[in-house]
Amino acid sequence: MSEQLDSEAATDEQVFPTIREVDAMAPLRWMRQGIGDFKACPLPSLFYGFCFAAMGLLVTAVFEHAYEYTAALTSGFLLLGPFLAMGLYEISRRREQGRQCALSPTLTVWTRNAGNIGIFAVVLGIVFLVWARASLVVFALFYTNEMPNLSGFLTEVLAMENIEFLLVYFGVGLLFATIVFAASVISVPLMLDRDQDAISSMLASVGALARNPGAMAVWAALIVTLTLLGFASFHLGLVILMPIVGHATWHAYRDLVAPADSPPASASL
């Protein structure tokens, strides 16, 4: 009986993923691997790239005259990339297993762990609703000029007008961005790959950030830079850049989380 209990306890200990430390420049390696996946599977990857570009165009078109929403929704769109890119993770996973590139199996990959992915989506949805409301409050309290359109607002930002508003607005945005990034950096690939529950996946994601602050800072900077380049190219760059980031995220997960059959590290989260 005691041996059985010890075995069950050991099994329970294996439930939580083992987080590994990586070097600060590991994100560059992930990007190279992501580019490799894109080149190997261009057509299914481009499908998701066009979806990202279409979403970006839709957000910009709908909120052309309500940019206070656009800022929050665009930020949410960027940070929800790991969730929206589930199909890209599956493409990388299938290539890793030596299987053929195909689009159709990736379209329903979310059904593999639908319940926990749904919980994760609800949590992030609540965060983004709060973020959008906080954005409106900041505009109401600190934006002193007449409400221009989106292009006029961006002109004011680039001209560094209304510094107090900019500091508060981007400070609040950074806070929410950090929360979402910490919870989502590897959580969706983990849920898809191991049928992990949503709470453990998000905690493991936070642990990956805590153990690898340098690498995660570089990774976040790469994601933001590439996404801004995509938007600056009138969303056309998103067609290529977002699939590469999605594939790279899968390799980030593989690098940061030890295989399930590996012995637990004493220094894991």
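Residues numbered from 1 in each chain as written. Predicted model: local features only at pLDDT ≥ 70, side-chain atom pairs only at ≥ 80, totals over all residues. Heavy atoms only, no water.

Student: How should I be thinking about the packing of helix H10 (residues 163–184) against helix H12 (residues 198–211) in this particular structure?
Tutor: Helix packing geometry: the angle between the two helix axes and the distance between the axes. Between H10 and H12, the shortest axis-to-axis distance is 6 Å and the interhelical angle comes to 110°. The angle between H10 and H12 places the two elements in the roughly perpendicular class. Across from Phe181, Ala182, Ala183 and Ser184 in H10, the residues of H12 making contact are Met202, Ser205, Val206 and Leu209. In terms of residue class, the contact of H10 with H12 is made up of 6 nonpolar, 2 polar and no charged. (Axes fitted to C-alpha atoms, helices over the stretch in contact; angles between N-to-C directions. Helix = DSSP H or I, 4+ residues; strand = E, 2+ residues; numbered from the N terminus. Parallel < 35°, antiparallel > 145°, perpendicular 65-115°, else oblique. Contact = heavy atoms within 4.5 Å. Nonpolar A, V, L, I, M, F, W, Y, C, P; charged D, E, K, R; others polar.)

Student: What exactly am I supposed to notice about the pattern of salt bridges here?
Tutor: When the charged atoms of two side chains with opposite charge come close together, those side chains can pair. Tallying each qualifying case throughout the model produces 9 salt bridges. Between Arg211 and Glu21 there is a salt bridge whose closest N-O contact spans 2.9 Å. With Arg211 in helix H12 and Glu21 in the loop between helix H1 (2–13) and helix H2 (26–40), the pair connects residues that are 190 residues apart, well separated along the chain. Between Arg95 and Asp37 there is a salt bridge, with its nearest N and O atoms 2.6 Å apart. You can see Arg95 sitting in helix H6 (residues 86–96) and its partner Asp37 sitting in helix H2, a full 58 residues away along the chain. Among the residues examined, Asp37 registers a relative accessible area of 2% and is labelled buried. Among the charged side chains, a salt-bridge network with shared partners connects Glu90, Arg93, Glu96, Arg112, Asp193 and Arg254. (Salt bridge = Lys/Arg side-chain N within 4 Å of Asp/Glu carboxyl O. Buried < 20%, exposed > 50% of the residue type's maximum accessible area, 1.4 Å probe, protein only.)

Student: Where do I start with the packing of aromatic side chains in this structure?
Tutor: Think of a pair of aromatic rings as described by two things: how far the centres are apart, and how the planes are tilted against each other in angle. Summed over all chains, the structure comprises 6 aromatic pairs. Ring geometry for Trp30 versus Trp219: centroids 5.5 Å apart, planes at 90°, classification edge-to-face. One end of the pair, Trp30, is in helix H2; the other, Trp219, is in helix H13 (residues 213–232), with 189 residues separating them in the sequence. Owing to a relative accessible area of 1%, Trp219 belongs among the buried residues under this scheme. With a centroid separation of 5.6 Å and 85° between ring planes, the pair formed by Tyr169 and Phe170 is classed as edge-to-face. When its relative accessible area of 10% is taken as the criterion, Tyr169 is described as buried. Counting every residue linked through ring pairs, the aromatic cluster contains Phe128, Trp131 and Phe176. (Phe/Tyr/Trp six-rings, centres within 6.5 Å; stacked < 30°, edge-to-face > 60°.)

Student: Would you take a moment to explain the packing of helix H11 (residues 187–194) against H12 for this structure?
Tutor: Put simply, H11 and H12 touch, their axes get as near as 8 Å, and they point 135° apart. On the basis of the axis angle, H11 is oblique to H12. In terms of crossing hand, the pair formed by H11 and H12 is right-handed. Of H12, the residues touching H11 (which contributes Ser187, Leu190 and Met191) are Ala198, Ser201, Met202, Ala204 and Ser205. Looking at the contact of H11 with H12 residue by residue, the classes come out as 5 nonpolar, 3 polar and no charged. (Left-handed = near helix turned anticlockwise from the far one by under 90°.)

Student: Looking at this model, I keep getting lost on the environment of Ala221. Mind explaining?
Tutor: Mapped onto the elements, Ala221 comes out in helix H13. Judged by relative accessible area, which is 40%, Ala221 ranks as partly exposed. A sequence separation of 194 residues divides Ala221 from Pro27, and the C-alpha atoms of the two residues are 9.9 Å apart.

Student: Would you take a moment to explain the state of the cysteines for this structure?
Tutor: Considering all chains together, one arrives at 1 disulfide under this definition. With its sulfur 1.8 Å from that of its partner, Cys41 forms a disulfide with Cys101. Taking the sign of the S-S torsion, about -45° here, the bridge from Cys41 to Cys101 comes out left-handed. Within this pair, whereas Cys41 is found in the loop between H2 and helix H3 (42–62), its partner Cys101 is found in the loop between H6 and helix H7 (104–107), the two being separated by 60 residues in sequence. Accessibility expressed as a relative area gives 30% for Cys101, which makes it partly exposed. (Disulfide = S-S within 2.5 Å.)

Student: So what exactly am I meant to see when it comes to H10 here?
Tutor: Each full turn of the α-helix corresponds to 3.6 residues, which orients residues three or four apart in the same direction. Look at H10: 31 Å from first C-alpha to last across 22 residues, which is about the 32 Å you get at 1.5 Å a residue. Every buried residue of H10 is accounted for by Phe165, Leu166, Tyr169, Gly173, Phe176, Ala177, Val180, Phe181, Ala182, Ala183 and Ser184. (Expected span 1.5 Å × (residues − 1).)

Student: Even after reading the chapter, I still don't get the nonpolar core, so can you show me in this structure?
Tutor: Nonpolar side chains tend toward joint burial in soluble globular proteins. Trp30, Ile186, Met216, Trp219 and Leu256 are the most contacted members of the largest nonpolar core, which has 55 residues in total. Ranked by residue count, the leading element in this core is helix H14 (residues 238–256), at 10 residues. Non-local contacts of Trp219, meaning those with residues more than four positions away in its chain, are made with Pro27, Trp30, Met31, Phe181, Val185, Val245, Ala248 and Thr249. Counting residues in each nonpolar core, the second largest holds 6 residues, with Val138, Phe139, Tyr143 and Leu166 among its members. (Core = buried A, V, L, I, M, F, W, Y, C linked by side-chain atoms within 4.5 Å.)

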